[in-house]
Amino acid sequence: MVMMCTKPATFEDSEYDIRLSGGAATAFDETSKAFGHMMDGMNASDQHAHELGDHAVEQTFVTAPAPINSGLGPIFNNVSCVSCHHNDGKGNPTTGLVSSSMLVRLSMPGTDEHGGPMPVPGFGLQLQDVAIFGKQPEAKVGTTYTDQPFTYPDGTIVTLRKPWYTILNPYIPLPAGVIMSARMAPPFFGLGLLQNIPESTVLGFADEGDADGDGISGRPNYTWDPVNKKMMLGRFGMKANTATILTQVAAAYQQDMGITSTVFPQESSFGQPPADGLKDDPELPDSILNATAFYIQSLAVPARRSVTDPQVQQGEKLFVQTGCANCHKPTVQTGVDVRFKQLSNQRIHPYTDLLLHDLGPDLGDGRQDFTANGNEWKTPALWGIGLFEKTNGTPFYLHDGRARTLEEAILWHGGEALKSRQQFASLSKTERDALIRFLKSI
Amino acid sequence: MKQLSILLAAGSLTLFACSKDDNNGGNPNEDFNTVKTTVLADFAVKTGLPGYSNLKDKATTLNNAITALNSSATDANLSAAQAAWRDMRSTWEQCEGYLFGPVEDDNYDPNMDTWPVDYVQMDSLLASSNALQLTDIENLSTLSLRGYHPIEYVLWGKDGKRTAASITARQKQYITSLSLDLKNICTALYTSWAPEGGNYASKVQTAGSGSSVFAKKQEAYIAIVDGLIGICDEVGSGKMKEPFDAQDPQIVESPFSGNSAIDFKNNITGAYNVYTCKFLGNEGTGLNKLVAMKNISLDNEIQQKFQAAITSFNSITVPYEQAILTQKVQCQNTMNAINDLKATLEEKLRPFIITNITD
């Protein structure tokens, strides 16, 4: 009789180990390799697939025809996944160099047949600023920064740098009205968990008309997925313009490296003069494409550090008090996935709601991407953000790497996040330091 | 090194608790805390920095040899250039036993050792009228046209039967500039570790006591150990395994010179140098001593597995691109020995470090 009265209860917050940012898909490593660990507890077959993908992301592609890794370009941004995603993470905000991790998206005003951005005739939706020897890249990108001082109420001044991008030496004149948006490579890990957050959970975070009056709306992006051939909730990309890891990976192969696959079987240069004219598409075997997607899906999230440090704990409270946590959702539950127990029904700490928010004109790119307008960005996951100093050598933050410190990144927030930024700015120096210390612990 | 157990990493498993205070035959008079500082210091100045210093010198030798070949295309000069390439390669592959820090953060590795060679681009570059001076090389858009392997391709030819007379003037100019580029890269890499430059050596030495890179000693140790695991993984599961599985000699790393098996052996030797702190005639206090102080049987096991992996290469008696076809058992045995070593480093040495070095 006693037994019958016992019902399963939910755990208290304190009964979870808060270091487990990715739930069961968490790895304990705080070195430069922290982003590169497979989820624990995979069977031998899955480990093999993960290792194949791990190897694939390190491969340097070369010009076709070649005995191995054939098909680079003819126009591209870089030659391998890891060239941009340094240590499975980010890189540096330069363009067109062998070590560059940044690219520029392009579009014309208007939308395509699926409501996506309108390609620029002769250039497409992404500027390929490198070409194989003897071919001309679409253009080069010039980057300059201007100082933009920010003064705290307490008089402290921080100098932000605002980037300005220009397109140099286009192979044909660019049409008038081209819209540009620069972005850095994001880290790979944790995407399997984000892909497994139920759509209903994401929609539950949305408050499109700001019904609760907190100044924060948040709305989902819906995007055309070429694999499923339907509109789907966008989860990946700076503007949530991609629905699945597979599509994200295939798009990167094709657009960033010029490697065609069954998902995108046409060269990025199709119809343009640099097209290679070879009938070798798709260049990437499905097995490699799928192994790469699997690798990314099964990368674990790095565990938090210093969680018992009082300064970190104070910073965590301030993160909530200043409203950062309204969009950067600290705790989310993933859906059930019978295939992957490590991704299934996990209590995770991604610090994102996967929704679009207006971040104001200073951060805006003026470029529409499906339903995302020119001031909107998807809340990026913050997990692992404290490890960029390790994985990246020199860290850079925000979509285009303009912020050199976490403090700068916070100070760029405007639009829906303006109130939070103002609250951050009005904190004492000690409190601001605590909040940043907290960010370094996640 | 890709799978980390949450429990192991958290250091909460009783498995280690019992080995914590065991002395197991190590010298009880030595202070573990002193040794753990010495190991980092010695790694920095007796392995890390001297390795890059030697690499820089060998890059200069290679550049001189290729310059001589460029001015006088004799077969003797070709042989000298080939020997200089192999010699430099030997140091570099051993330096790959510690692939962390500037070599990784500042892309020195891909700048000199990108693979595979891009034949199509190289052929069109050489067939073009594009200038081939150093600045032209530096401006090439892809790294697969720079570094060791394009030099190897020209010095040996695609079939490995190069004669000095068959090297074209443009090929000679190309590798002259490539070797100068390599020399500049290696000089910069050395400088990044040297006191007169970035002084990364001191950042390792001062780990846990003011280092701007390693807030804790443990972080520097993990970087070192992960370097050992990483190179074993790269050789055992990548460089050797892929051409072996595919039975394809074309995808072996250094196919023109037939140097691949030597490269692989030097990689593992490089890791052993780091473990024992013995490199290029320098000798210091290595990880082996630290491990032996707490767990001599673990040190014995690691030493034995290093030796087994290194000596297993002796049974591969033909270039690796042939061995994958004709000495399959020997190749598999070597890979097994490397994977076995890697498993010990990953499953025993790394947890040992996490448990015993917490500051």
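Thresholds applied
- Residues numbered from 1 in each chain as written.
- Chains lettered and ligands numbered in written order.
- Predicted model: local features only at pLDDT ≥ 70, side-chain atom pairs only at ≥ 80, totals over all residues.
- UniProt positions renumbered as here; feature names shortened; annotations may be inferred.
- Helix = DSSP H or I, 4+ residues; strand = E, 2+ residues; numbered from the N terminus.
- Rg over C-alpha atoms; globule rule 2.2 N^0.38 Å.
- Buried ≥ 20, exposed ≤ 12 C-beta atoms within 10 Å, placed from the backbone.
- Contact = placed C-beta atoms within 7 Å.
- Nonpolar A, V, L, I, M, F, W, Y, C, P; charged D, E, K, R; others polar.

- The name an unreviewed UniProt entry gives chain B is Imelysin, with Chitinophaga rupis as the organism.
- Recorded in UniProt under Subcellular location (unreviewed entry), the annotation for chain B is "Cell envelope".

- Going by what an unreviewed UniProt entry lists, chain A is known as CxxC motif-containing protein, DUF1111 family and is assigned to Chitinophaga rupis.

1. Here's the deal with the overall build of chain A
Right, so step 1: Helices and strands together make up the secondary structure of chain A, namely 13 helices and 16 strands.
Right, so step 2: Whereas a compact globule of 442 residues would reach a radius of gyration of roughly 22 Å, chain A reaches 22 Å, a difference of no more than 12%.
Right, so step 3: Across its three principal directions, the C-alpha atoms of chain A cover 75 × 60 × 40 Å.
Right, so step 4: In chain A, buried positions account for 55% of the 442 residues.
Right, so step 5: Across chain A, contacts joining residues at least 24 apart in sequence account for 65% of those joining residues at least 6 apart.

2. Focus: the UniProt feature "domain: Cytochrome c" (unreviewed entry) in chain A
Right, so step 1: This chain's UniProt record puts "domain: Cytochrome c" (unreviewed entry) on residues 310-442 of chain A.
Right, so step 2: Regarding residues 310-442 of chain A, the helix share stands at 36% and the strand share at 8%, and the terminal C-alpha atoms are separated by 15 Å.

3. As for the interface of chain B and chain A
Right, so step 1: Counting from both sides, the interface comprises 34 residues of chain B and, opposite them, 34 residues of chain A.
Right, so step 2: Elements with a minimum of two residues in the side of chain B that touches chain A: α1 (6-9), α5 (102-105), α7 (119-127) and α12 (217-239) of chain B.
Right, so step 3: Here the element with the most residues in the side of chain B that touches chain A is α12 of chain B; it accounts for six residues.
Right, so step 4: Residues that form the side of chain B that touches chain A fall into these classes: 14 nonpolar, 13 polar and seven charged.

4. So, unusual backbone geometry
Right, so step 1: Residue A64 of chain A is joined to P65 of chain A through a cis peptide bond whose omega torsion reads -5 degrees.
Right, so step 2: Note the cis peptide between W115 of chain B and P116 of chain B, where omega equals 0 degrees.
Right, so step 3: With respect to the element layout, P116 of chain B can be found in the loop between α6 (108-113) and α7.
Right, so step 4: Even without being glycine, N345 of chain A reaches a positive phi, approximately 50 degrees.
Right, so step 5: Judged by the 13 C-beta atoms lying within 10 Å of it, N345 of chain A is partly exposed.

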